[in-house]
Amino acid sequence: MTEPAPDGLGRSAVRAAVLVWRSAPVHVLGYLGITLVASVTPIAVAWLTKGVLDGIAGRRTGTLLALAVAIAVVTTAAAAAAHAGDYLRAEVDRRTALRAKDELFAAVSRFTGLARFESPAFLDRLRLAQQSASNPGRLVDATLSAARGAVTAAGFVGSLALINLTFTVLVVLSALPALLIELRMSRQRNAMLWRIGPAERREMFYAELMATANAAKEIRLFDLGAFLRLRMLAELRTANAARRRLDGREFRVHASLSGVSAVVAGAGLIWGILAAGQGLLGVGDVAMFVAAVAGVQAALNGTVSAGVMAYEHLLTFHHHVTVVTAGPDLPVPARPRSLPPLRRGIELRDVWFRYSAGHPWILRGVDLLIPYGETVALIGHNGAGKSTLVKLLCRFYDPTRGTILWDGVDLRDVPAETLRARIGAVFQDFVSYELTAADNIAVGDLSAADDQARIEGAAREAGVHDVVAAFPHGYRTLLSRSFSPDSSEEEDGVLLSGGQWQRLALARAFLRHDRDLMIFDEPSAGLDPEAEYEAHRRLARLRSGRTSVVVSHRLGTVRDADRIVVLSDGVVAEEGTHAGLLADDGTYARLFNRQAGGYRDEVSR
Ligand SMILES: Nc1ncnc2c1ncn2[C@@H]1O[C@H](COP(=O)(O)OP(=O)(O)OP(=O)(O)O)[C@@H](O)[C@H]1O
């Protein structure tokens, strides 16, 4: 994987500045003021100290007291300002991170397809983007620190120049290579972070696997703890090795640069002492000279480090900007068509599909009609492409070739959200949200979130109401043992069985029962025989007169579909009614008889 070219860094810097300003304008202004004060304080203290020393040498005790008081006031004010600055900086960070996260996840939610979430490079970038949420605030902080360092450095350079111009030039020039070297190392660090991204994500994957309840059973029974831990450590070692190499290089460079600074400062001190010996400089001048050399070096070093830090934050924030400004993942129709309620049907015309150019073809020219008001059952072997076809109907991907028409309208010409508003679905891999029971149903249609009657109605239809009602807090019960309930009065959350979760997923579909197209991908997997019979009866009632697609390996539950379609080798291999396909004695008949035979054998024993 190559380092992303940092094109458009300027654009990212402007975006970061705007983000910070919009998030916390008052705090930024306050921090700016404090930074200005902090930048001139060291110079003021150096001049006041010189005055004190000159006063002592000249025995001007009158002004000495005033100067001492001034030093005390300035240093006290500087200390107070530093604490206020810390508070303001933290608040800017918090507010900016909030806005950045909002911006990032709003952008992620706008991706209508699934392909980006299956791209390792995109996931690496997304992880870095998430990590950089606080970076705009830190970027401003580092930029201000650099500016503060620059102002302080300028003040000391001016003071030093009054004493020795040649030496001033030497001190300034000695800081320049440091700037260039640090910038180069900063780019190297960013490239290294990008390179170790996959290893860090894998490390997180192993760590999460070992710490979640879902995998706990298998990990313990199969004794996978050491295996996963060693894999996690191997990934961590890979990432550490890359970090260590760079840290070592930085250590050597920094040590060399410090050596150069020490030599320059030492030479300055020797010159100052010799000049004082010859009467060219007074005691105050020597003190000022020493303070100015140290001040210029410290301020220039600080400026360089802060500038480099700002650059690093910018490079990482660039991932955020790349994600939030990414174009749509699925082509947006130039002239979007509206999608009227379905009246004739959905037609797949010569649909070919593969997940990417590097993947095999899954569908190889599917022609299929899903007529309005009918139930079409999709069956076929594992991996035949049934769920893939369902995903194409929802436009999570576009067909690689061919078209899908909704009453003659190409799905590519319709905004994805318009299409999805017309679809209800239970997916094979439905999500078990660690939310309350009510929320778990309401996610099917958020307009029902505050409508207890609708939620209960859907739960009753799905045959899960009695289970939920018996929980200690009914529909408010948290369906998770990983989180504590929000209210301390509530007891711990509960866990559902696989079949109970399946029923909750069905309840989501019942909330959307009025949609034009209903999709059920293995809707009764995990249900006990009675629940399956019940669910089947209710779904048949829900489907009656509606357009629906049912995917199931339980052929008994799809025998009354208006059409049964057998997918095989990427095409529609058989199509017809249950009776017709049995009479044809093809794949469907073979699969059905084999499944039915299993039951008959048991009965006849
Ligand atoms: N996101 C994906 N990226 C790459 N390949 C995928 C992806 N999803 C599925 N596949 C592949 O596509 C093929 C069809 O998978 P699909 O889930 O559509 O089959 P299915 O007929 O629903 O199978 P099952 O009966 O086992 O549920 C499989 O070979 C699978 O490996």
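Residues numbered from 1 in each chain as written. Predicted model: local features only at pLDDT ≥ 70, side-chain atom pairs only at ≥ 80, totals over all residues.

Naming follows an unreviewed UniProt entry, where the chain appears as ATP-binding cassette, subfamily B of Nonomuraea solani. Per UniProt, the comment on the chain under Subcellular location (unreviewed entry) is "Cell membrane". (UniProt positions renumbered as here; feature names shortened; annotations may be inferred.)

What surrounds the ligand is a group of 13 residues, the closest being Tyr355, Asn382, Lys386, Ser387 and Thr388. With three residues, the single largest contributor to the shell around the ligand is helix α10 (residues 386-393). Of the residues contributing to the shell around the ligand, the split by class is three nonpolar, eight polar and two charged. (Near = placed C-beta within 6 Å. Helix = DSSP H or I, 4+ residues; strand = E, 2+ residues; numbered from the N terminus. Nonpolar A, V, L, I, M, F, W, Y, C, P; charged D, E, K, R; others polar.)

Turning our attention to the packing of helix α13 (residues 452-461) against helix α15 (residues 498-511). At a minimum axis distance of 8 Å, the contact between α13 and α15 shows a crossing angle of 120 degrees. Relative to α15, α13 is oriented oblique. Every pair of crossing elements has a handedness; the one defined by α13 and α15 is right-handed. Counting all contacts with α13, which are made through Arg454, Ala458, Ala459 and Glu461, the residues of α15 involved are Ala507, Phe510 and Leu511. Here the contact of α13 with α15 is built from residues that sort into five nonpolar, no polar and two charged. (Axes fitted to C-alpha atoms, helices over the stretch in contact; angles between N-to-C directions. Parallel < 35°, antiparallel > 145°, perpendicular 65-115°, else oblique. Left-handed = near helix turned anticlockwise from the far one by under 90°. Contact = placed C-beta atoms within 7 Å.)

Moving on: the UniProt feature "transmembrane region" (unreviewed entry) in the chain. Per the UniProt record, "transmembrane region" (unreviewed entry) is found at residues 28-49, 61-82, 153-180 and 253-274. Here residues 61-82 is 100% helix and 0% strand, with 32 Å between the C-alpha atoms at its ends. End C-alpha atoms of residues 153-180 are separated by 18 Å, and the span's content is 96% helix alongside 0% strand.

Below, the discussion takes up the sheet that holds strand β10 (residues 571-576). Strands sit in the order β6-β7-β8-β3-β9-β10 across an open sheet of six strands; the sheet is mixed. Each edge of the sheet is formed by a strand with only one pairing partner; in this case those strands are β6 (423-426) and β10. Recorded for the sheet is a direction-independent mean angle of 20 degrees between the axes of neighbouring strands. Summarising the sheet, β6 and strand β7 (residues 517-521) pair through four bridges and their orientation is parallel. (Pairing = 2+ DSSP bridges.)

Strand order in the open sheet formed by four strands is β2-β1-β4-β5, and the pairing between neighbours is antiparallel. Edge positions in the open sheet fall to β2 (361-371) and β5 (409-410), since each of these has one partner strand only. Judged from the eight bridges that link them, strand β1 (residues 345-354) and β2 form a sheet pairing that is antiparallel. Among the inter-strand pairings, valine 351 is bridged to a residue of β2, identified as valine 366.

Next up on the list: the environment of glycine 383. Looking at where glycine 383 falls in the secondary structure, it is placed in the loop between β3 (375-379) and α10. C-alpha separation for the pair glycine 383 and alanine 226, spaced 157 residues apart in sequence, amounts to 33 Å.

Moving on: α13. What α13 keeps buried is the set Ile455, Ala458, Ala459 and Glu461. Along the long axis of α13, the arc covered by the buried residues comes to 160 degrees, so they all point the same way. Structurally, α13 contributes buried residues whose contacts are with α12 (437-442), α14 (465-469), α15 and α16 (529-543). Backbone geometry just downstream of α13 places glycine 463 in the positive-phi region, at approximately 70 degrees. (Buried ≥ 20, exposed ≤ 12 C-beta atoms within 10 Å, placed from the backbone. Arc of directions from axis to C-beta.)

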